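# Commentary on secondary and tertiary structure
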Amino acid sequence: MSWVTTTLSSSLGRKVVMSLTGLFLCTFLVVHLVGNLQLFKGDEGRAFNEYSYFMTHNPLIKTISYLLYASIIIHAVMALVLTRQNQASRPIKYAYARPEDNSHWTSRNMGILGTILLIFIVIHMRTFWYTMHFGPITLAGEEIQAGSIPQVTYDGEPIKDLYAVTTFAFSYLWYVILYVLSMAALAFHLVHGFQSGFQSLGLRHKKYSPLIEGIGTYVFGILIPALFAAMPVYIYLKVNHILF
Ligand code: HEM
């Protein structure tokens, strides 16, 4: 295991681990988005429930889930260690410091954006993942619906009705606002993070860098967060009979 300690004790090694876990989390987001797009189907949640059932019962995906939880924790811990290390190596601030002259706002605030996202992920997993696995519907720690999670039966097979949990959560305006603001943080985090991940791995090339920058900006920085943000908004408007 000495190569693990060697890698994690150098700042270059930590950056590589951050990049690999970050890019893995980007891949998860694409899969999660595609699955959650089923929410837009007008089928009373059947496709969404079947997708959620598959994701939580397929042995391979269940194994990848553990890698996902580990990646979230490792990514956050490495970010904290690297930030501390950078602060410690520069105990006295420069007399003349205008970082906005040579770096973008997002790159200077990755720590704050990442912290917002970590808080979002904890709230999000409490609402969906925890309810899915362990029980009654709660919002902000309060039990809203007693008993266990509702079930639906498709082709004679009873499965947990995660669509009901989702539509219930997004029927609250404050919860929708929380999601939309978090998706703004996700957009700014990914606009810098995606490209920076490739850069830290040394994967920069005159020919491919514009493509990576384009995907980072338009796909991960705009399209993906916008589609995620559209889900709670759409459900809020639908369940409250405002537009649909
Ligand atoms: C806004 C739209 C979103 C909806 C409707 C949604 C819905 C869900 C649901 C129903 C689950 C539990 C069932 C499952 O594991 O498939 C889940 C799990 C999860 N979500 Fe989301 N999600 C959304 C956005 C996000 C975003 C933006 C992130 C990350 C930044 C995220 C991270 C996660 C994670 C890490 C899990 C646990 C996955 C696992 O156990 O394998 N979700 N989400």
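Data block above holds the structure.
One structure accompanies this document, and this report is about it.

Cut-offs and rules
- Residues numbered from 1 in each chain as written.
- Predicted model: local features only at pLDDT ≥ 70, side-chain atom pairs only at ≥ 80, totals over all residues.
- Heavy atoms only, no water.
- Helix = DSSP H or I, 4+ residues; strand = E, 2+ residues; numbered from the N terminus.
- Buried < 20%, exposed > 50% of the residue type's maximum accessible area, 1.4 Å probe, protein only.
- Contact = heavy atoms within 4.5 Å.
- Areas by Shrake-Rupley, 256 points an atom, 1.4 Å probe, with all protein chains shown as cover.
- Pairing = 2+ DSSP bridges.
- Donors = N, O, S within 2.8 Å, 3.2 Å for Na, K, Ca; no water.
- Tetrahedral: all angles 85-135°; square planar, octahedral: opposite > 155°, others 65-115°.
- Core = buried A, V, L, I, M, F, W, Y, C linked by side-chain atoms within 4.5 Å.
- Near = heavy atom within 4 Å.
- Polar contact = N/O pair within 3.5 Å; in protein donor to acceptor, adjacent residues only side chain to side chain.
- Nonpolar A, V, L, I, M, F, W, Y, C, P; charged D, E, K, R; others polar.
- Expected span 1.5 Å × (residues − 1).
- Phe/Tyr/Trp six-rings, centres within 6.5 Å; stacked < 30°, edge-to-face > 60°.

It is worth spelling out the overall build of the protein chain at this point. Along the protein chain, the regular secondary structure elements total nine helices and four strands. Put simply, the protein chain runs from its N terminus to its C terminus through helices and strands in the order α-α-α-α-α-α-β-β-β-β-α-α-α. Per-residue burial over the protein chain gives 34% buried out of 244 residues. Contacts in the protein chain between residues far apart in sequence, at least 24 positions, make up 71% of those at least 6 positions apart. Working note: accessible area of the protein chain is about 14800 Å², and carbon and sulfur atoms make up 67% of it.

What follows deals with the pairing of strand β4 (residues 157-160). Note on strand geometry: in a regular strand, side chains alternate between the two faces of the sheet. Note that strand β3 (residues 151-154) and β4 share four bridges and pair antiparallel. For Thr153, the partnering residue across the bridge sits in β4 and is Pro158.

What follows concerns the coordination of the iron atom of the ligand. Around the iron atom of the ligand, the donor atoms from the protein are His32 (NE2) and His124 (NE2), and they sit 2.0 Å away. Considering all six donor atoms around the iron atom of the ligand, angles at the metal cover 87 to 180° and the coordination shape is octahedral. Remark: His124 occurs in helix α6 (residues 110-134) and His32 occurs in helix α2 (residues 11-36); sequence separation between them is 92 residues.

Phe170, Leu186, Phe194 and Phe228 are the most contacted members of the largest nonpolar core, which totals 37 residues. Contributing elements (two or more residues each) for this core: α2, α3 (46-57), α6, α7 (162-169), α8 (173-200) and α9 (209-239). For this core, the leading source of residues is α9, giving ten residues.

Let's shift gears to the site of the ligand. The environment of the ligand is formed by 22 residues, the closest being His32, Ser65, Tyr69, His124 and Trp129. Contacts to the ligand include Ser65, whose side-chain N or O atom sits 2.8 Å from an oxygen atom. One of the side-chain N or O atoms of His124 is found 2.8 Å from a nitrogen atom in the ligand. Sorting elements by how many residues they give to the shell around the ligand places α6 first, with five residues. Broken down by class, the residue content of the shell around the ligand amounts to 18 nonpolar, four polar and no charged.

On to helix α4 (residues 59-88). The periodicity of an α-helix, 3.6 residues per turn, causes residues three or four places apart in sequence to face the same way. With 30 residues, α4 extends 44 Å from end C-alpha to end C-alpha; this agrees with the ideal 44 Å at 1.5 Å per step. Among all positions of α4, only Ile61, Ser65, Leu68, Ser71, Ile72, His75, Met78 and Leu82 are buried. Looking at the buried residues of α4, the elements they touch are α1 (2-9), α2, α3, α6 and α8.

Under the defined criterion, the tally for this structure stands at 17 aromatic pairs. Aromatic side chains Tyr69 and Trp129 sit 5.9 Å apart centroid to centroid with 80° between the ring planes, which places their arrangement in the edge-to-face category. Pair noted here: Tyr69 is in helix α4 and Trp129 is in helix α6, with a separation of 60 residues, a long-range link. Judged by its relative accessible area of 32%, Trp129 falls in the partly exposed class. Taking 5.1 Å as the distance between ring centres and 45° as the angle between the ring planes, the aromatic pair formed by Tyr175 and Tyr179 counts as tilted. Taken together, the residues Tyr175 and Tyr179, both in helix α8 and four residues apart, mark about one turn of the helix. Both residues of the pair, Tyr175 and Tyr179, count as buried. One aromatic cluster is present, built from ring pairs that chain together Phe120, Phe128, Phe170, Trp174, Tyr175 and Tyr179.

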